[in-house]
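Remarks on the overall topology
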Amino acid sequence: NELTSRRREERTQQQSIERPLLLELLELRDRVEAGATAASAYQPGLLARLSSRTNRHLASLQEGMDITLRRLSNLLTRYQVTKIETQDRPLDPHCMQVIETGSRPDREDGIILSEQRKGYLHQGTLLREAEVVVNKREKS
């Protein structure tokens, strides 16, 4: 019993040490992912599209962000950080925070319509809540 208690205490202490660093890594991942999304949606003007130099620059920028995202994802996986699945699932108030409601008559009340910020678990414990848009049908 003492050994089990000691191991549990060590695990709790280790998680409290890792938590701030993991949260910072998640923030960094969010920012790089937003940049990669914006870069992939960028449509340069006609003159820029004609320049092979601009095209090479954009492609290498996108590739660099993709590599960085993969490395961050691998690092988070090594620390047993997993994404909370939300899309088209019922609201779970233990790991999701509603930041907005939407209205889709084809969906049940309480179903997640979209995710504004990803949520994560660390070794099965909530690390960061998902921020979601949840369905609330209009009353007739």
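None of these values were measured; they are calculated from a predicted model.

1. Description of the pairing of strand E6 (residues 130-135)
With five of six residues buried, E6 lies mostly within the body of the structure. Here strand E2 (residues 96-102) pairs with E6 via six bridges, running parallel. Residue pairing in the sheet places Met-96 in a bridge with Ala-130 of E6.

2. Remarks on helix H3 (residues 52-78)
Within an α-helix, residues lying three or four positions from one another point in the same direction, as the helix has 3.6 residues per turn. Here H3 contains 27 residues, and its C-alpha end-to-end distance of 39 Å stays within 8% of the 39 Å for a straight helix at 1.5 Å per residue. Turning to H3, its buried residues are Gln-62, Met-65, Leu-69, Leu-72 and Leu-76. Those residues of H3 hidden inside the fold are in contact with helix H1 (2-41) and strand E1 (81-83). Directly after H3, the chain includes Gln-80, whose backbone phi takes a positive value near 60°.

3. Things to note about the sheet that holds E1
Strand order across the open sheet formed by three strands is E1-E4-E5, with antiparallel pairing between neighbours. Looking along the sheet, the strands with just one partner apiece sit at the ends: E1 and strand E5 (125-128). For this sheet, the mean angle separating the axes of adjacent strands, direction not counted, is 35°. Sheet contacts for H1: E1, strand E4 (120-122) and E5; angle to E5, the most-contacted strand, approximately 45°.

4. Some remarks on the pairing of E5
Sheet topology places E4 next to E5; three bridges connect them, and they run antiparallel. Looking at E5, one finds that Tyr-120 is bridged to Arg-128. Between E4 and E5, which follow one another and run antiparallel, lie two residues, and Gln-123 among them has a positive phi close to 55°.

5. Considering unusual backbone geometry
Positive phi outside glycine occurs at Asp-88, with the angle close to 65°. Note on placement: Asp-88 falls in the loop between E1 and E2. The backbone of Gln-123 sits at a positive phi, close to 55°, despite the residue not being glycine. One can find Gln-123 in the loop between E4 and E5.

6. Description of the side chain of Arg-128
Counting through the fold element by element, Arg-128 comes out in strand E5. Here the side chain of Arg-128 touches Asp-30 through a polar contact of 2.9 Å, side chain to side chain. In this structure Arg-128 touches Leu-23, Leu-26, Glu-27, Asp-30, Ile-84, Arg-117, Lys-118, Gly-119 and Tyr-120, once residues within four positions along its chain are discounted.

Parameters at a glance
- Along each chain, residue indices are assigned from 1 in the same order as the chain's sequence is written.
- Local features in this predicted model are restricted to residues whose pLDDT is 70 or higher, and side-chain atom pairs enter the listing and the counts only when it is 80 or higher, whereas totals over whole chains, interfaces and linings include all residues.
- Values reported for side chains reflect all heavy atoms of the structure, with hydrogen atoms and water molecules removed beforehand.
- In this scheme, a residue with accessible area under 20% of its type's maximum is buried, one over 50% is exposed, and one in between is partly exposed, where area comes from a 1.4 Å probe on protein chains only.
- Secondary structure is summarised from DSSP: a helix means a run of H or I of at least four residues, a strand means a run of E of at least two, and numbering begins at the N terminus for each.
- Between any two strands, at least two bridges found by DSSP are needed for them to pair.
- The length a helix should cover is 1.5 Å for every residue beyond the first.
- For this analysis, residues touch if any pair of their heavy atoms sits within 4.5 Å.
- Axis definition: a line fitted to C-alpha atoms, over the contacting stretch in the case of helices. Angles run 0 to 180 degrees between N-to-C directions.
- Polar contact criterion, stated in full: a pair of N or O atoms within 3.5 Å, where within protein one must be able to donate a hydrogen and the other to accept it, and residues adjacent in sequence count only if both atoms are side-chain atoms.

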